[in-house]
Amino acid sequence: MAATQQLTHVLPLGSRVNERGNLEIGGCDTVELAREFGTPAFVVAEDDICARARAYVEALRARHDDFDVLFASKAFPCTAVYRVLAEEGLVCDVASGGELHLALRGGFDAKRIYLHGNAKSLAELEQAIDAGVGHIVLDSFMDVDRVEQVAAARGVTQAVLIRVTPGVAGRTHAKISTGQADSKFGFGLDDARLAIERLRGSDSLDLVGLHMHIGSQLLSLDAYRPAVEALAALGDFSTYNFGGGLGVAYTAGQQPPAIEEYVEEKVRALHELIGTGKRLLIEPGRSLVANSTVTLYSVETVKRNVSTWVGVDGGMSDNLRPMLYGSVYEAFFADRPELAGSGETAHVAGKHCESGDVIVRDVPLADPKPGDILVTPATGAYGHAMANNYNGIPRPPVIFCKDGDARVVVRRETYDDLARRDV
Ligand SMILES: Cc1ncc(COP(=O)(O)O)c(C=O)c1O
Ligand SMILES: N[C@@H](CCCC[NH3+])C(=O)O
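As the structure is a prediction and not an experimental result, all values here were calculated from the model.

Criteria and cut-off values
- All residue numbers refer to positions counted from 1 along the written sequence of the respective chain.
- By the order in which they are written, chains take letters starting at A while ligands take numbers starting at 1.
- Restriction of local features to residues with pLDDT of at least 70 applies here, the model being predicted, together with a cutoff of 80 or more for giving and counting side-chain atom pairs; totals for whole chains, interfaces and linings are based on all residues.
- Processing note: side-chain calculations cover all non-hydrogen atoms of the structure and skip hydrogens and water entirely.
- Only DSSP runs of H or I with at least four residues qualify as helices, and only runs of E with at least two residues qualify as strands; both kinds are numbered from the N terminus onward.
- In what follows, residue pairs with any heavy atoms lying within 4.5 Å of each other are defined as contacts.
- UniProt positions are given in the numbering used here, feature names are shortened, and annotations may be inferred rather than shown by experiment.
- Pairing between strands is defined by DSSP: at least two bridges between them are needed.
- Axis geometry follows a simple rule: fit a line to the C-alpha atoms, using only the stretch in contact for helices, then measure angles between N-to-C directions, giving values from 0 to 180 degrees.
- Angle categories: roughly parallel below 35 degrees, roughly antiparallel above 145, roughly perpendicular from 65 to 115, and oblique for all the rest.
- In this scheme the handedness of a crossing depends on how the near helix is turned from the far one: anticlockwise by less than a right angle means left-handed, clockwise means right-handed.
- Residue classes follow a fixed rule: Ala, Val, Leu, Ile, Met, Phe, Trp, Tyr, Cys and Pro count as nonpolar, while Asp, Glu, Lys and Arg count as charged, and any other residue, Gly among them, counts as polar.
- Relative accessibility decides the category of a residue: with a 1.4 Å probe and only protein chains considered, values under 20% of the type maximum give buried, values over 50% give exposed, and everything between is partly exposed.

Draft legend 1. How the structure looks around the environment of Ser216. You can see Ser216 is positioned in the loop between strand E10 (205-211) and helix H9 (224-232). As a C-alpha pair, Ser216 and Gly243 span 27 residues in sequence and 9.4 Å in three-dimensional space. Residues in contact with Ser216, not counting those within four places in the same chain, are Thr172, Ile176, Gly245 and Arg286.

Draft legend 2. Examining the UniProt feature "active site" (unreviewed entry) in the protein more closely. UniProt records the feature "active site" (unreviewed entry) for Cys353 in the present numbering. Position of Cys353 among the secondary structure elements: in the loop between strand E16 (344-349) and strand E17 (358-365). Not counting residues within four places of it along the chain, the set of residues in contact with Cys353 comprises Tyr390 and Asn391.

Draft legend 3. Structural view of the sheet that holds strand E2 (residues 23-25). Taken together, three strands build an open sheet; the order of strands is E1-E2-E3 and the sheet is antiparallel. Whereas interior strands pair on both sides, the edge strands pair on one side only; in this sheet they are strand E1 (16-17) and strand E3 (28-29). Where E1 meets E2, two bridges bridge the pair, whose relative direction is antiparallel. Paired with Val17 across the strands is Leu23, a residue of E2.

Draft legend 4. Region of the structure containing the packing of helix H4 (residues 79-87) against helix H5 (residues 97-105). The interhelical angle for the contact between H4 and H5, taken along N-to-C directions, is 55°, at an axis separation of 8 Å. If you check the angle between H4 and H5, you find them oblique. Relative to H5, the crossing made by H4 is right-handed. Packed against H4, whose contacting residues are Thr79, Tyr82 and Arg83, the element H5 presents Glu99, Leu102, Ala103 and Arg105 at the interface. Of the residues belonging to the contact of H4 with H5, the class tally is three nonpolar, one polar and three charged.

Draft legend 5. Fine view of the pairing of strand E14 (residues 308-312). Most of E14 is tucked away, with four of its five residues classed as buried. Two strands pair when backbone bridges link them, and strand E13 (residues 293-304) and E14 are joined in this way by five bridges, in the antiparallel orientation. Considered in E14, the bridge of Lys303 is made with Trp309. In this sheet, E16 lies alongside E14 in parallel orientation, the contact comprising three bridges. Residue pairing across strands places Gly311 opposite Ala349, the latter belonging to E16.

What follows is the structure, encoded as structure tokens:
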């Protein structure tokens, strides 16, 4: 398993090459999964998600008394994932009424949900407050007014946090950096001071603390300390939410910080710059779920012109990340994973009507041919979440695998589903 050994940290925990020489995920043979459930498909090793949730909880428990780990559910919003993480004892972050609906369906107690959003609607705020959501994260002065208005109308006191953009950008792709002053998210430092003052006089809103999230897919932790420093200057609160952001390995060469290191950095910044007796919240999305999942595709065509184009049965409808952020993935074949990294250099092209619909560029592929099952690892975060129906492609199923058993937790869309909303 020489080639796949280099991919161990990219693949779900427990992945292996089985006796038949096929890639196995969660004890299930991926070639058989493709035959049974069709392609494209998201294949999830359920135990991988549990292990990462436990790693977060244990890393915090070893360093700090009063904490919660929030699942930033935008990364993988399906009820089965919510259920697994609710059972692991996590708390949940939702960014819309739709995610709130799914989180409640997935078994999260409303009290254990935090509602985010830079443009929450009145209807979403009413839905959240009526459901009894524990906390709302305020993002603008208009948000303050609206949440106050809804809470007052219902005669409740709503616990809230203020989202602050500390003026420190996480080092990542510009489209997913959020801590800089010129951001659509949160209050800048001066506005945050005004919002804090404004909330001190509120009868319906109970300001418990501050929130920040400076960016996603961070492979370096050095921006957190200055960002915490900026929050520390805003006063003394009981609760601090330092967001998510830990990057993951998409390719063999990437080595993100471990969950322990990331937690250590945030806890140390809290203790040294703010204090030890605080409630600490962290809000990971990607690093909980990305490496739990691989996508299986079928090769439909192989074309050789200036390059070699391996055309598969999915693309930007199931993975938008290469097109949005230039993200890079590994690719290899399910029935010969030991040949990963060798063969003819090719582009893995999607089936959509766009030249930019290329899932992986310049990847060595061993003798690609129609019918091969191609695997791209690390698709658990923002894959299913951002899937769409471009070109009338039904969205793929999500299949949970554990101890050799596979179950469909999101079924494949049908052509009838595509037409369902048309009137
Ligand atoms: C407010 C908030 N919290 C948490 C996250 C999760 O981030 P990540 O998936 O990088 O851990 C995001 C997305 O980046 C976010 O916007
Ligand atoms: N959708 C992004 C992450 C968004 C971060 C959410 N605040 C990605 O795929 O990397």
